[in-house]
Amino acid sequence: MPTITLPDGSAREYEGPTTPAQVAESIGPGLAQSAIGARVDGELVDLQHSITEDASIAIITARKGESESSDDALWLIRHSAAHVMAEAIERLWPGVQLVYGPPVDGGFYYDMHLPDDVKISSDDFSRIEEEMKSIISENRPFTRYNLDVTEGMKKVEGEGSKYKIDNAQRAIDAGSDELSWYATGTPGENWEDLCRGPHVPATGRIGAFKIMNIAASYWHGDSKSDQLARVYGTAFTDRKQLKRHLHQLEEARKRDHRVIGKQLGLFTIDDAVGQGLVLWKPAGSIVRQELQDFISTHTRRQGYDQVFTPHIGRLELYRTSGHFPYYQDSQYPPIIERDQLSTLAAEGCTCGELANRLETGEVEGYLLKPMNCPHHIRIYASEQRSYRDLPVRLAEFGTVYRHEQSGELSGMLRVRGFTQDDGHLFCTPDQIGQEVMGCLELVKVIFETLGMQNYRVRVGLRDPDSAKYVGDPENWALAEAACVEAAEKMGVDFESEPGEAAFYGPKIDFVVRDAIGRDWQLGTVQVDYNLPERFDLSYIGADNAAHRPVMIHRAPFGSMERFIGFLIEHYAGAFPAWLSPEQVRVLPVSEKSMDYARTVEAKLREHDLRAKLDTRDERLNSKVRAAAELKIPYLLVVGPRDAENQTVSVRAHGIEKDLGAVGLDEFTTALAEEVSSRSHGTALRQLFPDAAPDATE
RNA sequence: GCCACCGUAGCUCAGUGGUAGAGCACACCCUUGGUAAGGGUGAGGUCACGGGUUCAAGUCCCGUCGGUGGCUCCA
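Cut-off values and rules
- Residues numbered from 1 in each chain as written.
- Chains lettered and ligands numbered in written order.
- Predicted model: local features only at pLDDT ≥ 70, side-chain atom pairs only at ≥ 80, totals over all residues.
- Heavy atoms only, no water.
- Helix = DSSP H or I, 4+ residues; strand = E, 2+ residues; numbered from the N terminus.
- Buried < 20%, exposed > 50% of the residue type's maximum accessible area, 1.4 Å probe, protein only.
- Contact = heavy atoms within 4.5 Å.
- Areas by Shrake-Rupley, 256 points an atom, 1.4 Å probe, with all protein chains shown as cover.
- Salt bridge = Lys/Arg side-chain N within 4 Å of Asp/Glu carboxyl O.
- Core = buried A, V, L, I, M, F, W, Y, C linked by side-chain atoms within 4.5 Å.

Visitor: In this structure, what is going on with the overall build of chain A? I would like to understand it.
Guide: A tally of regular secondary structure across chain A gives 23 helices and 32 strands. In terms of overall dimensions, chain A has C-alpha extents of about 80 × 80 × 60 Å along its principal axes. Expressed as a percentage of the 697 residues in chain A, the buried residues total 50%. The long-range fraction of contacts in chain A, counting pairs at least 24 apart against all pairs at least 6 apart in sequence, stands at 69%. Of the roughly 33500 Å² of accessible surface on chain A, 47% is carried by carbon and sulfur atoms.

Dropping the structure here:
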């Protein structure tokens, strides 16, 4: 006689074993009809799941129309849609071997191994969808049945798919004492798949779906293993939700930094220069320079010293640091002097030998620097250091080059040449805590100014069972505690991830998500015991003996390329005035007002504002439109009335109307103040308190 | 790097093996205007590159380069 507790706390008793379906039925026919699954004691299950003991239960329903379905509901629908898609594809292309088909963020996919003569392309999507529609319209029940491990393995092995055998074996290895199948219909008659479930009660409950994309994947995520085809789709309770989802995807694509970067003339990547090498156009350079100035102001306040170092360094330097040859694959090849090359060529040296000799140091060369730390380390080592000098904090916007795999390159977010807001701190072990804290404070100040709230913090700690780490365990414990404490004090949510530390020390990473849903690591703070050792760094302690300093690497924003790529998407190109390439544009109503317009422009420039004048022979409508598309924060319309009164008629980005006229001096002062305080929309709020305060966000 | 798809004017994109297209942007002319495209005229092309098939290739085939998405990688 199980007692079932509902989410509202009420309890019901049932005769003998029951199911979520029966529970829903007993509550009401409406609920029974819209139920698609349940959580029993927190576990997601089928409606037919057998409940034999007291349990708490929450019925999962598919909400229609405007209200959004819960994550659980979408998970069930998408997982079930993956099955339907797999069945459809198997019908269309017999011989396809299914591998694995889970729901994911925003949809689902199914990995499959295609016979050699089968290729699925986006042209086939409508056929797949038609087939799926027919399966859905048959409204066949998802029917689960279980076999014990022996029987189950016998069945899977009999069917002979190595992928399914592997899946079954993994389930058993993970501790399952039985294997389960889901048939869409009657087991033995209809299509079925090895699957742990759960699913919606019947195919008809998949309200709306769409095949989105096809891509390749590797079996077990191993690039040396079988290549699989991955078909992506998405599914919702009904068409309305699907339509809204597709619309959101379209809107998100408009924020894509590559699209906006082109529209606003911020940057370009030119094949004539090279893959993954960003050319900052004048407008983008302004954004970058402003941001660098901003960051520099704060690092100076934190006691950093600015340094500059060259773009290349001797190979020996990187042999010492260990970067060469360990990361050779992702470095541009070494630069070897011409004389040396000719000598080697004359000796008949092969490429393989050359590589060997470069590695051993018999042949010397230069490396396009993959990291700034060795250069900074040599600056530290250039003087004798006392404990009184520590921490030494060196900062540089240092450009590094990494030969990333071509398939990885993506706009400004993954490039081959990039400038890190790099810094290296050399300190005593007991200074680590305060220094890590300082790094996080900097991040916090800058993210707050930029209005960035949607970032995650990851604290990478060592795996206690692994021996791959350098440095003594006591120091590690100290450094890890410092990182965790700093993250806690920063007051943001963070995840501790054991095993994610670098081999040389724990780290804190900042992760953001781009317009199309991909995660990117921006900044990082890393404690390092390794490099001071490798470079034999020291300082003289109070005891007059030499001691080893600890290094902290920190690039709180990662690279200027990635950070600004992300920032473009964050603002959808509508930068706050202080960052905006063009802060204010003057629009004369007609040529007759051109003289006054020039006075206005000159006045703005006197206040160091980035102002431009639209001199085109166009109507005002056209000038407003052009400026609005460039997302310029402030537009000043000037006509005869304004000339007479020494006023400007203001329009602000995001507010699609004339806000009214204010005195030229008044406007200029207010905007100059907004810019110098790096605030967002203060001039607008000051001059036009009635205008929507958040409209420029 | 792997797989799939894509590459046509500065940009966004049409284009059925048979004369290379549109809109925007650009130049010039008309227009002198008060808040998201005033009108006209014109210029602009090695259809990514290299081979091949064909009487004929932007279109079909092969290769190379580049881009996009995913996978893998990321000190």
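What follows picks up the thread again.
Visitor: What is the right way to read the pattern of salt bridges from this model?
Guide: A side chain with one charge may pair with a side chain of the opposite charge, provided their charged atoms come close. A complete count under the given rule lists 42 salt bridges for this structure. We note a salt bridge from Asp256 to Arg258, for which the minimum N-O separation is 2.6 Å. Between Glu364 and Arg319 there is a salt bridge whose closest N-O contact spans 3.2 Å. A residue pair is termed long-range when its members are at least 10 positions apart, and Glu364 in the loop between helix H13 (351–360) and strand E18 (366–368) and Arg319 in helix H10 (residues 315–321) qualify at 45 residues. The class of Glu364 is partly exposed, set by a relative accessible area of 22%. Each of the salt bridges in this network shares a partner with another, and the network as a whole consists of Glu87, Arg91, Glu131, Glu138 and Arg140.

Visitor: Honestly, the nonpolar core in this entry has me stumped. Any pointers?
Guide: Within soluble globular proteins, side chains that are nonpolar tend to cluster in buried spots. One finds Leu291, Ile432, Leu450, Tyr634, Val648 and Phe667 to be the most contacted residues of the largest nonpolar core, which totals 95 residues. In terms of residues, this core owes the most to one element, helix H15 (residues 432–449), which gives nine residues. Not counting residues up to four positions away in its chain, the partners in contact with Phe667 are Val584, Leu604, Tyr634, Leu636, Val648, Val650, Val662 and Leu687. Core analysis: the second largest hydrophobic core is formed by 39 residues, Ala86, Phe108, Tyr110 and Phe142 among them.

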